[in-house]
Amino acid sequence: MPGINLISVNDSNNYLTTFTNIQSNMRYDHTYRSEVFLQNNHTILGYTGYDGYPIRSYEDDTYFAILEGMIYNVPTKEVDSFISNIVSQKRHSGILIDNIENFLLNSDGEFVIIIYDKLNEDLIIVNDALGRLPLYYTKGNQKFILSREVKFVTEFMTQVNFDKLAIAEYLLFGYPLGKRTLIKDIKRLEPGVLVEYNINSGSLRIKKVHTWNFEDKFSKGKGAREYADDLVELFRNATRCRAKSLPNFKNLVSLSGGLDSRAVAVALRDVDPELTAVTYLDYEGKAQNDVNVARELAHKLGVDWELIELEKRNFEDICRLIELKDGLNYAAMGFILDFFTKIKSKFGDKVVYYTGDGGDKALRSLKPLKRIKSMDELVSIIISRHASIFGMNEIKRFINTNHIKREIRNILLDYPEDGLNQKYVHFVVFERGYKWLFEGEDRNRFYFWSTSPYWSPIFFNYAMKIPDSYKEYLKLHRKFLEKLDKNCVRIRNAWGICGCLGLLLGPFSFYLIPRIEKIIFKYPFLRKLTEKAMFTRYNPNKSIRNYRQIRDLSYLNACAYLSNLKELLDNNLNEPEFFTLITIILYILHLRNAKRLGGPTG
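Residues numbered from 1 in each chain as written. Predicted model: local features only at pLDDT ≥ 70, side-chain atom pairs only at ≥ 80, totals over all residues. Heavy atoms only, no water.

Points about the overall build of the chain
Tallying secondary structure elements over the chain gives 25 helices and 19 strands in all. Buried positions account for 59% of the 602 residues belonging to the chain. Considering only contacts in the chain between residues 6 or more positions apart, those separated by 24 or more positions represent 74%. Carbon and sulfur atoms form 46% of the exposed surface of the chain, whose accessible area is close to 23,900 Å². (Helix = DSSP H or I, 4+ residues; strand = E, 2+ residues; numbered from the N terminus. Buried < 20%, exposed > 50% of the residue type's maximum accessible area, 1.4 Å probe, protein only. Contact = heavy atoms within 4.5 Å. Areas by Shrake-Rupley, 256 points an atom, 1.4 Å probe, with all protein chains shown as cover.)

As C-alpha cells, this is what we get:
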C-alpha cells in the first residue's frame, strides 16, 4: 500500500538498510518510489508511493510532521496550525482531547498525521474520525512499528505466528473482528485515536478521541424531504471539496447499476464537466445487468461513460491481490486488478477514483427487524446475519466457538450505546464497513487515490442522526436521489438480493424490492434459499487444479490448526466459501515463502 512506514527502536542504525530494502520491495510498479523522510538514532520514518499519491512532509527546528492523505475542507495553514498546537500542548499541560475531537469531526477527509517531537523524542499520531486509511502496528520491548501494510511489520518480526481466533473469524465473517489482523501481535489501529509513543521510555498510549454513538438522533422535528434537502447540500459540498482539492487530477466515478454510485455521478457532474464514468464487464458476464443499467444512467445523467471489458480471472491476479493486501481482501476480487490496470493505462495515476461506498450505511436503516431483548440474542443475530461464509458447524471443528461469541460480546459491551438495537448498528458500521469496505477501498489506492463523499464525517454524522423510521423501505434514500436528479429514480436498481427483479419492475423496484427484501431477511430459510440461487458452486478438488501452485498443501501441516483447513476442501463449496478459504491458504503460502512461520496462537 502506498503510505507511511515507521520503526522506533533502541538503535535504528542497525535497521536502516533493512528498512530501505523493505520499502524498495514495496514499490509495486515503475511509477512507485520510496523515500526515507527522517532517520536518527532511534527512529526511521519513510514512505512508498507514486506521483499522484497525496503525502506531504514539513518541519521546523523543533518537530517534523507528515500528512498522508487528504483533508479536503481545511486550508493547509489551519492544518499546520493544528499540528503546531498539538506539539505545544504536549510539551506543556498535555494534549487537549476536545480540541482534537473538534478538528476530526469538522475535517472532511482520509488522513493520517504523524509528528516527531525533536526536543522530547515523542511520536504523536492522529487519524481521521472514521479511520479511512488502515494502519497496522506492533509494540514490543523498546520497539514500536507502524505501517500502512502488514507486510512491512512482519518483516521486522523474528517469527510470524497466525492468530487462531482471527482465522476462525475470517472464515465466518470474511474479516477478523476488533483490532485483530490474521497475524498474532499485529493490530489494526482504531479510528479517531491519538497515539503517543515516548521513544526513551518505550511507553505507548492509545486514546480514543471520538467514539461514535448511534443512539444520538434528531428529534422528529423535520420531515423526510427536509432531511433529504439537508443531506443533498452536505453531499454536494463534500463532493465539491474533493474535486477542488485535487484540481489537476482526472475525476472518474465507478458507476454501477446500484443506487449509491449514481448519486456520486450527479454531484460530480455538476462540478466537473470533464467527469468520466467507468464500468467494468467481467469475462464471465456476471456484471451484464450492472452494465446495462450503468449505460442507461450515464445517458440520462449526461455523463461521459467508458465500458472496460476484463480478461478472464487468472491465478496470478489472485496471488497479487493477496500479496498487496496481506490477505485482508477477498481473493475473488482478484479480477478487479485488471480493471484498475486498464484505468491507469488509459488515464494515468493522477486520477481520483470515486465510489458509492458508504451509501448503504448512511442512508438506509441498519436496525434489526425486531427489538432485541438480550445480549445473547444480539450475539446470535450478528452470527446469523453476518457470519455469511462458513457456518459455526464447520468452524467448531477447529476452535471452541464460545471464544468467538465471547469476543463479539466484549466488542459490543465496549460500544457506547445502551440499546441493543443500536449496538447492532454500531457493529454493522465498524466491523463490516470498517473491515470489509475500507480494506477494499484501500486496495484501489495501490493504483490511484480513491474516495467516497458518503464517508465524509460531516455528511455521515448528520445522516446517522436521522431517525431510522425515515430510512425504512428506502424512503429517505428515494427523496435524496430525487432531490439530486429525478433521473436517479426513473432508472431501476440493479443491486441487492432481489436486484434481478428490477428488470421487470423498473422504477417500481424502489418501492417493491425493499419490502420483498425485508420479508426475505425476516425468515433465515428464505435468505439461505436466495443466496444459494445467487452463488456459483465449486468443486474444490477440480477447482484447486486450476491453481496449480496450491495443489500441494503439505505446508499446512506445520501445525494442527492449519492442517485442518484442508478438511474444508473436501466439501462442495459455494463461491464465498471457496475464495475465503483460498485467501487464507494463499496468504499462508505467501508468508511461508517470505518468512519462517510459527504456529497459530490466540
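Having seen the model, we can carry on.
Quick notes on the packing of helix H6 (residues 224-245) against helix H17 (residues 475-484)
Packing of H6 against H17 leaves a shortest axis separation of 8 Å and a crossing angle of 55°. Between H6 and H17, the interaxial angle falls into the category oblique. The chirality of how H6 crosses H17 is right-handed. Here H6 contributes Ala 224, Arg 225, Tyr 227, Ala 228, Asp 229, Leu 231, Val 232, Phe 235 and Arg 236 to the contact with H17, which in turn contributes Lys 475, Leu 476, Lys 479, Phe 480, Glu 482, Lys 483 and Leu 484. A per-class count over the contact of H6 with H17 returns nine nonpolar, no polar and seven charged. (Axes fitted to C-alpha atoms, helices over the stretch in contact; angles between N-to-C directions. Parallel < 35°, antiparallel > 145°, perpendicular 65-115°, else oblique. Left-handed = near helix turned anticlockwise from the far one by under 90°. Nonpolar A, V, L, I, M, F, W, Y, C, P; charged D, E, K, R; others polar.)

Overview of the sheet that holds strand S15 (residues 304-309)
An order of S15-S14-S13-S16-S17 is seen for the five strands of this open sheet, with the pairing classed as parallel. The open sheet has two edge strands, S15 and strand S17 (449-451), and neither has a second partner. Going from strand to strand, the sheet's axes swing by 30° on average, the running direction of each strand aside. One ladder, built from four bridges, connects strand S13 (residues 250-254) with strand S16 (residues 351-354); its direction is parallel. Note that in S16 the partner of Lys 250 across the bridge is Val 351. Relative to S13, helix H7 (residues 260-269) is tilted by about 155°, and along the sheet it contacts S13 and S16. (Pairing = 2+ DSSP bridges.)

Thoughts on the pairing of strand S5 (residues 63-71)
For S5, the buried fraction is high: nine of the nine residues fall into the buried class. Inspection of the sheet shows strand S4 (residues 55-59) paired to S5 by five bridges, in the antiparallel sense. Considered in S5, the bridge of Tyr 58 is made with Ala 65. Taking the residues between adjacent antiparallel strands as the criterion, S4 and S5 are bridged by three residues. Note: S5 against strand S6 (residues 109-117), nine bridges, orientation antiparallel. Within the sheet, the bridge partner assigned to Glu 68 lies in S6 and is Val 112.

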